[in-house]
Amino acid sequence: MKAAMLQDANRVEICDLPNPIATQADEVVADVQYVGICKTDEQLTREGQMKGVVLGHEVVCQLPEQVGYFALNNELSCGVCSYCREGVTSHCTELRELGVNEHGGYAEQICVPQSSLYKFEFQNPLLGVLVEPISCAVRGIERILSALKLLPVSSPNVLVIGGGMSGTLISYLLAQSPQFDGSLFLHDISTAELAWTKQVAIERLAEPLQDHAHLVVECSGSVAGLATAMRVVRRAGMVCVYGVPEADCPLPIAAHDLFMREITVLTSFAGATVQTMQQAIAYISKDESFFEGLLGRQISLQELPEQLIHWGPLPGTRTVVMLEEG
Ligand SMILES: [Zn+2]
Ligand SMILES: [Zn+2]
């Protein structure tokens with residue numbers, strides 16, 4: 001089968017791999033249809049640590065004997081370690097992440113446990129590539145909502161930094177949440193128009209305001225974004241680190257400053273569970289037209305290496321690799 005393999009830093013090659021074979025009782029070999037290209041793929045490609053791995057974790061596939069489409073939960077946890085027993089399966093001591101440290105979806109076929117596949121019935125099956133990123137955002141929002149009571153006000157100003165897919169989903173889910181009664185603001189370093197902002201009650205700020213936001217959600221994953229978050233957040237406020245920080249980026253604030261300004265730092269290490277996957281599917285089913293607006297370019301597997309090395313989705317959208325024949 002054709003697959004895109006990470007060979008080294010900034011080197012991804014299309015190669016011929018043997019078709020996967022199911023070896024465990026619960027495993028199935030699925031035909032990959034669509035895969036979303038995530039910023040994490042770009043980071044993994046740039047770093048080049050995972051040599052010999054097929055990336056791609058936002059996967060929609062079909063099964064040979066079954067009708068319909070399935071979204072993949074790419075995190076395979078052991079189910080028995082202390083973290084799994086507490087339900088934080090993303091911290092499983094035996095965690096296998098398909099498309100990160102094991103072969104993922106940038107291939108014609110993928111071997112997965114049947115229990116990791118979630119059937120969905122959207123009018124547009126391409127929307128299935130958003131299930132995994134929305135699932136991660138569902139977890140992020142749960143953590144944010146449960147931490148809101150630490151803020152001094154019940155209607156906080158919330159600044160989202162970064163209008164890419166993470167910032168989009170966090171803003172949308174927060175705006176949708178009945179437990180959230182604040183005001184949303186967005187800062188993105190680009191001035192490109194972001195179509196989704198017209199459908200979410202969010203005000204775009206060219207420059208973030210100092211001492212304005214009670215909560216800043218950093219979604220850009222950039223060093224500058226995190227520094228901005230720490231600089232502008234109000235005293236007794238909170239910063240949620242949602243975008244994956246660069247591996248060598250220290251927290252850009254002195255411990256003394258953090259203490260004196262009484263800033264809470266919250267993180268959400270993206271993770272998908274049965275519950276968050278099902279919620280993600282429900283969100284898309286309820287509002288397909290909004291999510292369709294987040295689908296960007298469609299490319300072939302052959303075009304993927306170029307996209308991973310020169311990251312550049314249409315602003316505020318997901319680029320999708322199409323593997324289905326014809
Ligand atoms: Zn992703
Ligand atoms: Zn475990």
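Residues numbered from 1 in each chain as written. Chains lettered and ligands numbered in written order. Predicted model: local features only at pLDDT ≥ 70, side-chain atom pairs only at ≥ 80, totals over all residues.

A.B. asks: What is the right way to look at the overall build of the protein in this model?
C.D. replies: For the protein, the count of helices and strands is 9 helices and 18 strands. Taking 2.2 N^0.38 as the reference for a compact globule, 326 residues should give roughly 20 Å; the C-alpha atoms of the protein span a radius of gyration of 20 Å, in line with that estimate. When the backbone C-alpha atoms are referred to their principal axes, the protein occupies close to 60 × 45 × 40 Å. Within the protein, the proportion of its 326 residues that are buried is 42%. (Helix = DSSP H or I, 4+ residues; strand = E, 2+ residues; numbered from the N terminus. Rg over C-alpha atoms; globule rule 2.2 N^0.38 Å. Buried ≥ 20, exposed ≤ 12 C-beta atoms within 10 Å, placed from the backbone.)

A.B. asks: I tried to follow the nonpolar core on my own but got confused; where do I start?
C.D. replies: Nonpolar side chains tend toward joint burial in soluble globular proteins. Ranked by size, the top nonpolar core spans 86 residues in total, and within it Val131, Ile170, Val216 and Val217 carry the most contacts. Dropping the residues within four chain positions of it, isoleucine 170 is found in contact with Ala137, Gly140, Ile141, Val160, Val217, Cys219 and Tyr242. (Core = buried A, V, L, I, M, F, W, Y, C linked by C-beta atoms within 7 Å. Contact = placed C-beta atoms within 7 Å.)

A.B. asks: Would you mind showing me how to read unusual backbone geometry here?
C.D. replies: If a residue is not glycine, its phi is most likely negative; likewise, a peptide bond is most likely trans. If you check the backbone angles, asparagine 10 has positive phi at about 55° while not being a glycine. Among the structural elements, asparagine 10 can be located in the loop between strand 1 (2–8) and strand 2 (11–16). A count of 14 C-beta atoms within 10 Å places asparagine 10 in the partly exposed class. A positive phi angle, close to 55°, is found at glutamate 262, a residue other than glycine. Within the fold, glutamate 262 resides in the loop between helix 6 (255–260) and strand 16 (264–267). What makes glutamate 262 partly exposed here is the crowd of 13 C-beta atoms within 10 Å.

A.B. asks: Would you explain the environment of glutamate 292 in this entry?
C.D. replies: Along the chain, the position of glutamate 292 falls in helix 8 (residues 288–292). The spacing of glutamate 292 and arginine 318 is 26 residues in sequence and 10.0 Å in space, taken between C-alpha atoms. Not counting residues up to four positions away in its chain, the partners in contact with glutamate 292 are Asn124 and Leu127.

A.B. asks: Hey, could you run me through the sheet that holds strand 11 (residues 157–161) in this one?
C.D. replies: Backbone hydrogen bonds are what pair the strands of a sheet, in a parallel or an antiparallel way. Taking strand neighbours across the sheet as the criterion, the 6 strands line up as 13-12-11-14-15-16 in an open arrangement whose pairing is parallel. On the outer flanks of this sheet lie strand 13 (202–204) and strand 16, each paired with one strand and no other. Across the sheet, the axes of successive neighbouring strands diverge by a mean angle of 20°, strand direction being ignored. Pairing of strand 14 (residues 215–218) with strand 15 (residues 238–241), which is carried by 4 bridges, proceeds in the parallel orientation. Within strand 15, the position partnered with valine 216 by the bridge is valine 239. Along the sheet, helix 5 (residues 223–232) makes contact with strand 11, strand 14 and strand 15, crossing strand 14 at roughly 175°. (Pairing = 2+ DSSP bridges. Axes fitted to C-alpha atoms, helices over the stretch in contact; angles between N-to-C directions.)

A.B. asks: What is the right way to look at helix 4 (residues 165–176) in this model?
C.D. replies: Since there are 3.6 residues in each turn of an α-helix, residues three or four apart along the chain are aligned in direction. With 12 residues, helix 4 should cover 16 Å at 1.5 Å per step; its first-to-last C-alpha distance of 16 Å lies within 8% of that length. With 10 of its 12 residues buried, helix 4 lies for the most part within the structure. Of all the residues in helix 4, the buried ones are Met165, Ser166, Gly167, Thr168, Leu169, Ile170, Ser171, Tyr172, Leu173 and Leu174. For helix 4, the elements touching its buried residues are helix 3 (131–147), strand 11, strand 12 (183–187), strand 13, strand 14 and strand 18 (318–322). (Expected span 1.5 Å × (residues − 1).)

A.B. asks: Please clarify how the packing of helix 3 against helix 7 (residues 274–286) should be interpreted in this entry.
C.D. replies: Two numbers describe a pair of packed helices, the interaxial angle and the distance between the axes. At a closest axis distance of 8 Å, the pairing of helix 3 and helix 7 adopts a crossing angle of 110°. Between helix 3 and helix 7, the angle falls in the class roughly perpendicular. Classified by chirality, the crossing of helix 7 by helix 3 is right-handed. Taking contact as the criterion, the partners of Val131, Ile134, Ser135, Val138 and Arg139 in helix 3 are, on helix 7, Thr276, Met277, Gln279, Ala280, Ile281, Tyr283 and Ile284. Taken together, the residues of the contact of helix 3 with helix 7 sort by class into 8 nonpolar, 3 polar and 1 charged. (Parallel < 35°, antiparallel > 145°, perpendicular 65-115°, else oblique. Left-handed = near helix turned anticlockwise from the far one by under 90°. Nonpolar A, V, L, I, M, F, W, Y, C, P; charged D, E, K, R; others polar.)

A.B. asks: Even after reading the chapter, I still don't get helix 7, so can you show me in this structure?
C.D. replies: Between its first and last C-alpha atoms helix 7 spans 19 Å; for 13 residues at 1.5 Å apiece the expected length is 18 Å, and the two agree. Along helix 7, the residues that are buried comprise Thr276, Met277, Gln279, Ala280, Ile281, Tyr283 and Ile284. Where helix 7 is buried, its residues meet strand 10 (117–120), helix 3 and helix 8.

A.B. asks: Can you help me understand the sheet that holds strand 2 in this one?
C.D. replies: Judged by pairing direction, the sheet is antiparallel, and its 3 strands sit side by side in the order 2-1-4 without closing on themselves. Each of the sheet's edge strands pairs with one partner strand only, and the pair in question is strand 2 and strand 4 (53–54). Alignment of strand 1 against strand 4, held across 2 bridges, turns out to be antiparallel. Considered in strand 4, the bridge of methionine 5 is made with valine 54.

A.B. asks: Help me understand the pairing of strand 12, please; the structure alone is not making it clear to me.
C.D. replies: Both faces of the sheet carry side chains from a regular strand, because those side chains alternate between them. For strand 12, the tally of buried residues reaches 4 of 5 residues, placing the bulk of the element in the interior. Pairing of strand 11 with strand 12 involves 5 bridges; the strand directions are parallel. When the bridges of strand 12 are listed, valine 158 appears paired with leucine 184. Between the parallel elements strand 11 and strand 12, the chain passes through helix 4 in a crossover that is right-handed. When strand 12 meets strand 13, the two strands line up parallel, connected through 3 bridges. Within strand 13, the residue paired with leucine 184 across the bridge is isoleucine 202. (Right-handed = clockwise from strand over helix to strand, strands pointing away.)

So far we have only geometry, and geometry alone does not tell us how the molecule works.
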